[in-house]
Amino acid sequence: MAAKPAQFQGWRPKSALYRMMVSVRRVLSILFCLLMAGLVSALAIGYFSSDGIQWVDAARVGLLATSTAWLAWGAAYAFNGLLSFPLKLETPPFVPTPTKARTAVLVPVYNEDPVKTFSHVAAMIGSLKALGIAGRFDFAILSDTRDAQVAQEEARWFERLRGECGADAALYYRRREMNTGKKAGNVADFIRTSGALYDYLIVLDADSLMEGATMAEMVRRMDADPKLGLLQTLPKIVHARSYFGRAMQFSTAFYSPVYTRGLAELQGDAGPFWGHNAIVRTRAFAQSCGLPELSGTPPFGGHILSHDYVEAALLTRNGWTVRVDPDLTGSFEEGPDNVIDFAKRDRRWCQGNLQHGRVMTAPGLKAWSRFVFLQNIMAYVASPLWALFILASIAAPTLKGVPDYFPEPGLFPVFPRVEQGLALTLLVGVFGLLIGPKLVIVARGALSGVNAGFGGTRRALLNTLTEIATTSLLAPIMLMYQCRAVLEVLSGMDGGWPATNREAGSVSLSEAWAASWWISATGLVTLGFAFQFAPEYVSWLLLVAAPQVFAPLLIHVSSWTASAGSRQAGVFRTSADDDPAPVVTRQEAVLARWRGGIAHDDGAGRPVEQGVLASADAKR
């Protein structure tokens, strides 16, 4: 007897009440941001006007209010996620639901290490095979590689991949002669030539991994909702080795489910597309997502780099639902392991997001899609705004005239009040928007039992505080990289689409110095001017300028390898360290074997010796 299909887990019902609730959440979240900006402005006016108000103070208040509203918007995502139910999202159990749909799994590559990339493909095919559904999915490796030697290696390793996995799932490899349109053009080329063969496309990156059960569940949800054009999963970071990388891995595992749940509650059916680890309805994508080439030259003209959010907006414009489901686990990616590689990737994202200023006025777009484009731009403009606020604060004392100690005739002078209490309240309020939601997530995790997967509440709290300290030290450095990126884009410099170094190791002190000496110089100059012109702000500026002065050392140290260790001693411990996902273990086993190790995959995601693997296959 066929198994009964699991109930559709569309935990956001499409009803008039639901749409009204989404609108209410959006309005309340925007009001929350405006309220926080207003409160901070009131505190700032009280502090800045203690020795008289000037035009520079008005500029500081405006910059601070805008920056605070942006911080509050991030906190609004967290609070919406925290207030939504259930306390803990459970992944629905896999049920082998029959489907007539054909699905292609697209793996775009661009000068990647083929051994690493193809081991991911082999692991996903093995995961599907273990469920008996590998025949439902075709895998297409879409190469945009420009390096001839890397291309030769791709062809050679594809033959190895096809020799080992070709009997389980259809495998295709195509290399474009011209990489027109970058990744978006690569996927569009596949849709034009082969899209008619498939109902759905699962779009991945070269470092993506997905459990077979997750892929099958995504197909089932697409089948269940004929208006669903795109379904985005929440990828968790795996294989992080450095302190910096493991901090990111901890963040995606511990905080991101809450923030993404809040994102889902706010965006509703006009959800996000992050360009990978998502499934799209081929017909909807083909009809809606033809991307224009913007007039003019890069960085603002040419092909759209941050194409994913544009494609989501175009799907929504045509009446398709775009959704993110945070309860879809089993979705993974790898991230940069050091600040320098993160900043290089961030430079491309900055250019792509600033391009959204050219498309946000396109006709027919939903109002929320335009607001999302504004958020994407603000994600990078926020750093220059903070920098301008710092500069204005240093300059403020020099722009003010000689204080009038006798504003009224009389014998007694009236001295300016030093409102240190207001300054401290202001600082605590700004930092509270950054770290408050993370501390609440720890408390909620204690109630829901989530913290047990992170070594218990004490360990989760310790790791959270360590992550806050780490990101607080690195934030002023990233602020400088983002300011430089914005200035480069505004000055007409095209950053292009550099290949991602997914195997980058630790950064030597000399490499860190070469990449960040200018940040150290900026921090020293900032402190020098503050000592000279605004000594009362030096203690506050040290929070920003000191990490900048020591940027090379911080970049170097944060790239050191951080062993996961035991549950008690692990750095940024996550549940994946104690109980890694089967597809992750499977990929590690394949990669070790292909690179000359002895580990093999036993079909259930466990590494074994070659002889044991053969006997296990024979038994199955």
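Before reading on, note that the structure itself is shown above.
In what follows, the accompanying structure is described.

Procedures and definitions
Residues numbered from 1 in each chain as written. Predicted model: local features only at pLDDT ≥ 70, side-chain atom pairs only at ≥ 80, totals over all residues. Heavy atoms only, no water. Helix = DSSP H or I, 4+ residues; strand = E, 2+ residues; numbered from the N terminus. Buried < 20%, exposed > 50% of the residue type's maximum accessible area, 1.4 Å probe, protein only. Contact = heavy atoms within 4.5 Å. Areas by Shrake-Rupley, 256 points an atom, 1.4 Å probe, with all protein chains shown as cover. Core = buried A, V, L, I, M, F, W, Y, C linked by side-chain atoms within 4.5 Å. Phe/Tyr/Trp six-rings, centres within 6.5 Å; stacked < 30°, edge-to-face > 60°. Lys NZ or Arg CZ within 6 Å of the ring centre and 35° of its normal. Pairing = 2+ DSSP bridges. Right-handed = clockwise from strand over helix to strand, strands pointing away. 1 Å grid on protein atoms, 1.4 Å probe; cavity = no way out; pocket = protein on both sides within 12 Å on 5 of 7 lines; lining within 4 Å. Points joined across faces, edges and corners; volume = space filled by probe spheres on them. Nonpolar A, V, L, I, M, F, W, Y, C, P; charged D, E, K, R; others polar. Polar contact = N/O pair within 3.5 Å; in protein donor to acceptor, adjacent residues only side chain to side chain.

**Considering the overall build of the protein chain**
Part 1 of the reasoning: When helices and strands are tallied, the protein chain shows 20 helices and 12 strands.
Part 2 of the reasoning: Within the protein chain, the fraction of its 620 residues that count as buried is 53%.
Part 3 of the reasoning: Looking at the protein chain alone, contacts between residues at least 24 apart form 81% of all its contacts between residues at least 6 apart.
Part 4 of the reasoning: Working note: accessible area of the protein chain is about 27,100 Å², and carbon and sulfur atoms make up 64% of it.

**A short note on the nonpolar core**
Part 1 of the reasoning: The biggest cluster of nonpolar side chains holds 67 residues, and the ones touching the most others in it are Val339, Ile477, Tyr481 and Ile555.
Part 2 of the reasoning: The element that contributes the greatest number of residues to this core is helix α12 (residues 367–399), accounting for 11 residues.
Part 3 of the reasoning: Residues contacting isoleucine 555, with those up to four places away along its chain left out, are Val339, Ile340, Ile477, Tyr481, Val507, Ala512 and Ser516.
Part 4 of the reasoning: Core analysis: the next-biggest nonpolar cluster, separate from the first, contains 46 residues, Phe137, Met210, Ala581 and Trp594 among them.

**Let's talk about the packing of aromatic side chains**
Part 1 of the reasoning: Inspection of every chain in the model, using the stated rule, returns 18 aromatic pairs.
Part 2 of the reasoning: Centre to centre, the rings of phenylalanine 190 and tyrosine 198 are 6.0 Å apart; their planes meet at 25°, and the pair counts as stacked.
Part 3 of the reasoning: The exposure class of tyrosine 198 is buried, given its relative accessible area of 9%.
Part 4 of the reasoning: Ring centres of phenylalanine 254 and tyrosine 255 lie 5.7 Å apart, and the angle between their planes is 55°; on these two criteria the pair is classed as tilted. Judged on exposure class, the residue phenylalanine 254 and its partner tyrosine 255 are both buried.
Part 5 of the reasoning: Among the aromatic residues, ring-to-ring pairing joins Phe250, Phe254, Tyr255, Phe454 and Phe572 into one connected group.
Part 6 of the reasoning: Its guanidinium or amino end placed over the ring of tryptophan 368, arginine 26 lies 4.0 Å from that ring's centre, counting from NZ or CZ.
Part 7 of the reasoning: Of note, lysine 227 hangs over the ring of tryptophan 320, and the distance from its end group to the ring centre comes to 4.6 Å.

**Observations regarding the pairing of strand β3 (residues 171–175)**
Within a regular strand, the side chains alternate between the two sheet faces.
Part 1 of the reasoning: For strand β2 (residues 137–143) and β3, the ladder comprises five bridges, and the chain directions are parallel. Bridge pairing links serine 143 to arginine 175 in β3.
Part 2 of the reasoning: In this region the chain leaves β2, passes through helix α4 (residues 148–165) and returns to the parallel neighbour β3; the handedness of that crossover is right-handed.

**A few points about empty space enclosed by the protein**
Part 1 of the reasoning: Inspection of every chain in the model, using the stated rule, returns two cavities of 30 Å³ or more.
Part 2 of the reasoning: Put simply, the largest cavity is a space of about 80 Å³.
Part 3 of the reasoning: Taken together, Gln267, Ala270, Gly271, Pro272, Tyr309, Ala312, Ala313, Thr316, Trp368, Ser369, Val372 and Phe373 make up the full set of residues lining the largest cavity.
Part 4 of the reasoning: The set of elements that each furnish at least two residues to the lining of the largest cavity consists of α10 (307–317) and α12.
Part 5 of the reasoning: Broken down by class, the residue content of the lining of the largest cavity amounts to eight nonpolar, four polar and no charged.
Part 6 of the reasoning: One number sums up the size of the second largest cavity: a volume of about 40 Å³.
Part 7 of the reasoning: For the lining of the second largest cavity, the per-class residue count stands at four nonpolar, two polar and one charged.

**Some words on the sheet that holds strand β5 (residues 209–210)**
Part 1 of the reasoning: What the three strands build is an open sheet, ordered β5-β10-β7; its pairing is mixed. Each edge of the open sheet is held by one strand with a lone partner, namely β5 and β7 (236–237).
Part 2 of the reasoning: The sheet contact formed by β7 and strand β10 (residues 331–333) spans two bridges and is parallel. Paired with lysine 236 across the bridge in β10 is phenylalanine 332.

**With respect to the side chain of aspartate 207**
Part 1 of the reasoning: Here aspartate 207 is to be found in the loop between β4 (200–203) and β5.
Part 2 of the reasoning: A polar contact is formed between the side chain of aspartate 207 and the backbone nitrogen of glutamate 334, at a distance of 3.3 Å.

**Regarding the pairing of β4**
Part 1 of the reasoning: Alternating residues of β4 divide into Tyr200 and Ile202 and Leu201 and Val203, and every residue in both groups is buried.
Part 2 of the reasoning: Relative to β4, strand β1 (residues 103–109) runs parallel, the two being bridged by four bridges. Each residue of the ladder has a partner; that of alanine 104, found in β4, is leucine 201.
Part 3 of the reasoning: Relative to strand β8 (residues 278–281), β4 runs antiparallel, the two being bridged by four bridges.

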